[in-house]
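# Chains, contacts and geometry: an overview
Listed below are the residues making up each chain.
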Amino acid sequence: MSAPTDRSRRLDVVVVGAGFGGLYALHRLRGLGLSVQVYEAGSGVGGTWFWNRYPGARCDVESLEYSYSFSPELEQEWDWSERYAPQPEILRYINHVADRFDLGRNIQFDTRVTAAVFDETLGRWRVTTDQGDDVSARFCVMATGCLSAATTPDLQSLRSFRGDWYHTGQWPHEGVDFSGQRVGVVGTGSSGIQSIPVIAQQASHLVVFQRTPNFSLPARNEPLAPDTQAEVKAGYRSLRDAARNSFSAIAVSAPTELALQVEPAERRRRYEAAWARGGLMSMTTTFRDLILDKAANDTAAEFIRSKIREIVVDPDVARVLTPTDHPFATKRPCLDTGYFETFNRDNVTLVDLRQTPITEIVPTGILTTDGVHELDTIVFATGFDAMTGPLLRVDIRGRGDRPLSDKWSAGPRTYLGIATAGFPNLFIVTGPGSPSVLSNMVIAIEQHVDWIADCLSFLAANGFDAIEATVEAEDAWVDHVNQLANATLFPRANSWYMGANVPGKPRVFLPYVGGFPQYCSTCDDVAADGYRGFRLAPGPAAGDG
Ligand code: FAD
Ligand code: NAP
C-alpha cells in the first residue's frame, strides 16, 4: 500500500473555516499536541472580515470588546483606532493574530470542504475538498460561521444586466469606485445601512430599494482616545469578566426596571440619553422587558420612530423608512452613521418595494411595477442563509450515511448548539441552539472552542475515542431553546434569526436566547457531570493521528 500523500493524510482534527472561530480552534487544539488541518475557502484568514469589504463595513460591538480575550499579551499590544474599528483594521488584527501564533502553516487557503462523511467502521471523518484533498480525521470542527453563506435574490434576469453587480458579503478586494455612477442598493439590513451613507457620498445618484424598514441606532463612532484605551487595558480582566457575566457577553450592567414602571417623561429622558450615547447596548438595555413585553417594546420602538421623523425632512420618505411590522430588536438592530440623514440628500431616492416590487432586472437597471430605475451598478445587501446555510452547503453525513440536510429538514437539531446526535466527533462552533449571534461573537467563539478543547483533553485522558450527543439530550435542548424563544417577542419578526429571509427555509428561532452566562454554566455543568447527555465510547488512544 502506498504511503498517504499530503492530500490524503490521517489527522486528529480537521477544522473548516479560518475566521475568528477556526483560528482559535487551531491555536487551542494544536496546543493539545493534536495534528490539525484547517481548510478555508477564502484566500486569507478573517472569515467575515475577509469577505465583507463593502464601504462602511465595521463592527457593531466596540472593538475593545470585539477582540480575542485569550491572550493578555495580545490584548495589550494591539491598539484600536476607533470605537468601532473599520473592516480593514479588523482584518489586519486577525492577520496579526495568525502571524503572532504562527497559525498559517496549518491552513490551506482557496480550498472549500465539499463533504465530510463519517466512516462508522473506522470511527473517523473522511473530509474531501474542491481541491482534491481526501483526508481522514478523528474529529471535525465546523467553524464555518453563522453569516458566511451570502444570498443573492434568485433573479434569473440578473444575467441580462449590462452593468456590474456585487453582494456586500463577497466584495471585490480591489474595492469599487462609484464616482459618477448611478447605483442601486437592494436591502436595508445592517450591511445596507452601513454602506448606503458611504456610497451616497460617492455615487452621482443612489437608489435604495427597501423591502422592510429597519430600526437603526446611531453608532456615535469616534476615534479612541489613547487614555481611554489605556484605562481599559489596565483593567482588561475585569472588563472581560463583566462581559462573560452579561447577557450578551458585552460588559454592560443588566437593567433592572420595567419600561412601564417609570413615568413617560423619565422614560423618554432615558431613551434620549441612550440615543445620545449611541451603540446597540445603550438602547437595548434601557429596560429589562423590552424583548419580553410588547407594550414595553412599543415605547422604545415609538421613540426611535420619532427620531426618524425628526431627522428625515420629507414626511413621505420618513413614513416609508419607519418600521412598523416588527417589534424593536426582534431583528438585529442596525448601527449607523448618518443613515436616516442620507435620505435628505438630493442624490438619493428611496423605493418602497412593498408598494412597487421588483419585477425583474433589465439590461439598464431594475424594473419595478413603477417602471425602470436606470443603474450602472447594483449592490445586493441581501444578507445570508444564516447559521444553518454554511453547514448545509457541505455534504455532511453521519451514522448510516444520513445527510445532515435530511436530519435538519424541519430545522436544526443540536445539543448545546455544539453537537448533533448521529454525527459523532463532529463539533459546531457557535451552532444553532447556542447564544452565538445574540452575543459578542468573539467571546462566544472562545467559550465554544475552549469547551471543545477541554472535551478532547477529557476524552484523551480517560481513554475515550468518541463522543456523541444522545437523541434524548438533544430533544430536551431543542425544546428548551424553543420554549425560551417563545417567551420573547423574537418570533414575531420575519427575521433571519427565524430563517424567514430564505425562501423555503423552516421557520425556527435559531439562536439560544437564555443569555450567555446561563448558557455557559449549562455547558460547564454538562462537562463537570462527565459530559451529561453525550455517549462516550472507548477506542484507540488519543494522538493516533
Ligand atoms: P466567519 O468569520 O464567518 O468565518 C467562517 C469561515 O469559514 C469563512 O472564511 C468561510 O469562507 C469559511 N468556510 C465556510 N464554509 C466553508 C467550507 N465549506 N470550506 C472551507 N471554508 C469554509 N459579530 C459581532 O459579535 N460583532 C460585530 O460587530 C459583528 N459584525 C459583523 C459584521 C458583518 C458584516 C457580518 C457579516 C457579521 C458580523 N458579525 C459580528 C458576526 C461575525 O460573523 C462574527 O462576529 C465572527 O466574525 C464569526 O467568526 P467565525 O469564524 O465563526 O465565522
Ligand atoms: P439582513 O439583515 O438579512 O438584511 C438583508 C436586507 O435585504 C433586508 O433589508 C431584506 O429585506 C433585504 N432583502 C433580502 N432579499 C431581498 C429581496 N429578494 N428583495 C428585496 N430585498 C431583499 O443582512 P445583512 O444586512 O447583511 O446583515 C446580516 C447580519 O450580519 C446582521 O443582522 C448582523 O448580525 C451582521 N452584520 C453586522 C454588521 C455590523 O454593523 N457590524 C454589518 C453587517 C452585517 P427584508 O427585511 O424584507 O427581508
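Along every chain, residues carry numbers that run from 1 in the direction the sequence is written. Here every chain gets a letter starting at A, and every ligand a number starting at 1, in the order they are written. For this predicted model, a pLDDT threshold of at least 70 governs which residues receive local features, and a threshold of 80 or more governs which side-chain atom pairs are given and counted, while totals over whole chains, interfaces and linings are taken from all residues. Each side-chain value is derived from all of the structure's non-hydrogen atoms; neither hydrogens nor water enter the calculation.

### So, the sheet that holds strand S8 (residues 182–186)
- Paired strands, as defined in this entry, are two strands with at least two bridges between them according to DSSP. Numbering of helices and strands starts at the N terminus; helices are DSSP runs of H or I of at least 4 residues and strands are runs of E of at least 2. A sheet is described by the order of its strands in space; here five strands give the open sequence S7-S16-S8-S9-S12, paired in parallel fashion. With partners counted over all chains shown, the strands left at the sheet margins are strand S7 (164–167) and strand S12 (348–352), one partner each. On average, adjacent strands in this sheet sit at an angle of 15 degrees to one another, irrespective of strand direction.
- Pairing geometry for strand S9 (residues 205–210) and S12, over five bridges, is parallel. Paired with leucine 206 across the strands is valine 348, a residue of S12.
- Two residues qualify as a contact provided that any one of their heavy atoms is within 4.5 Å of a heavy atom in the partner residue. A fitted line through C-alpha atoms represents every axis, and for helices the fit uses only the stretch in contact; the resulting angles, taken between N-to-C directions, go from 0 to 180 degrees. Those strands touched by helix H5 (residues 190–202) are S8, S9, S12 and strand S16 (377–380), and its axis lies near 155 degrees from that of S9.

### Quick notes on the domain arrangement of the protein chain
- The source of the domain bounds is an automatic or database domain assignment. When cut into domains, the protein chain gives domain 1 (10–149 + 386–537), domain 2 (150–214 + 331–383) and domain 3 (258–324).
- Domain 1 and domain 3 are separated by 34 Å when their C-alpha centres are compared.
- When two parts are put together, the accessible area they lose, computed with a 1.4 Å probe and summed over both, is reported as buried area. Across the domain 1 to domain 3 interface the summed buried area is about 620 Å²; carbon plus sulfur atoms make up 61%.
- By the convention adopted, Pro, Cys, Tyr, Trp, Phe, Met, Ile, Leu, Val and Ala count as nonpolar, Lys, Arg, Asp and Glu as charged, and the other residues, Gly among them, as polar. Of the residues that constitute the side of domain 1 that touches domain 3, the class distribution is four nonpolar, one polar and three charged.

### Observations regarding the packing of aromatic side chains
- Geometry of aromatic contacts follows a simple scheme: Phe, Tyr and Trp rings, the Trp one being its six-membered ring, pair when their centres are within 6.5 Å, and the pair is stacked under 30 degrees between planes, edge-to-face over 60, tilted otherwise. Within the structure shown, the criterion is met by 37 aromatic pairs.
- Arranged with centres 6.3 Å apart and planes meeting at 35 degrees, the rings of phenylalanine 139 and phenylalanine 427 form a pair that is tilted. Pair noted here: phenylalanine 139 is in strand S6 (residues 134–142) and phenylalanine 427 is in strand S18 (residues 426–428), with a separation of 288 residues, a long-range link. With respect to burial, phenylalanine 139 and phenylalanine 427 carry one shared label: buried. We call a residue buried when its accessible area falls under 20% of the maximum for its residue type, exposed when it is over 50%, and partly exposed in between, using a 1.4 Å probe and counting protein chains only.

### Quick notes on the nonpolar core
- Counting 116 residues, the largest nonpolar core has Phe20, Leu416, Phe427, Trp451 and Phe534 as the members making the most contacts within it.
- The element best represented in this core is helix H15 (residues 441–461), accounting for nine residues.
- Setting aside anything within four residues of it in sequence, one finds phenylalanine 20 in contact with Trp49, Tyr66, Tyr68, Ile90, Tyr93, Ile94, Val442 and Ile445.
- Definition used in this section: a nonpolar core is a set of buried Ala, Val, Leu, Ile, Met, Phe, Trp, Tyr and Cys residues joined via side-chain atoms within 4.5 Å. The next biggest cluster of nonpolar side chains, apart from the first, holds 21 residues, and it includes Val16, Cys140, Val394 and Phe423.

### Observations regarding the packing of H15 against helix H17 (residues 516–528)
- Their axes nearest at 11 Å, the elements H15 and H17 cross at an angle of 5 degrees. As far as their axial angle goes, H17 and H15 are roughly parallel. Contacts between H15 and H17 involve Ile443, Ala444, Gln447, His448 and Trp451 from the first element and Phe516, Tyr519, Cys520, Cys523, Val526 and Ala527 from the second.
- Each residue belonging to the contact of H15 with H17 can be placed in one class, and the counts come to nine nonpolar, two polar and no charged. An angle counts as roughly parallel when it lies under 35 degrees, as roughly antiparallel when it exceeds 145, as roughly perpendicular when it falls between 65 and 115, and as oblique in every other case.

### A word on the sheet that holds strand S15 (residues 371–374)
- Strand order in the open sheet formed by three strands is S13-S14-S15, and the pairing between neighbours is antiparallel. At either end of the open sheet lies a strand with only one pairing partner, and these are strand S13 (358–362) and S15. Taken pair by pair, the neighbouring strands of this sheet meet at an average axis angle of 25 degrees, ignoring direction.
- When strand S14 (residues 365–368) meets S15, the two strands line up antiparallel, connected through four bridges. Among the inter-strand pairings, glycine 365 is bridged to a residue of S15, identified as glutamate 374.

### Quick word on the site of ligand 1
- Of all residues adjacent to ligand 1, which total 32 residues, the nearest are Gly21, Glu40, Thr48, Asp60 and Tyr66.
- For this analysis, a polar contact is any N or O atom pair within 3.5 Å, provided that within protein one partner can donate a hydrogen and the other can accept it, and provided that sequence-adjacent residues contribute only side-chain to side-chain pairs. Taking glutamate 40, its side chain carries an N or O atom lying 2.7 Å from an oxygen atom of ligand 1.
- Residue threonine 48 places a side-chain N or O atom 2.7 Å away from an oxygen atom belonging to ligand 1.
- Areas reported as accessible are Shrake-Rupley estimates using a 1.4 Å probe. Residue values count occlusion only from the protein chains shown. Isolated, ligand 1 exposes 980 Å² of accessible area, and the fraction of that covered by the protein chains is 95%.
- The set of elements that each furnish at least two residues to the shell around ligand 1 consists of helix H1 (20–31), helix H2 (48–51) and H15.
- By residue number, the principal contributor to the shell around ligand 1 is H2, which donates three residues.
- Taken together, the residues that form the shell around ligand 1 break down as 17 nonpolar, twelve polar and three charged. When we say a residue is near a molecule or strand, we mean one of its heavy atoms is within 4 Å of it.

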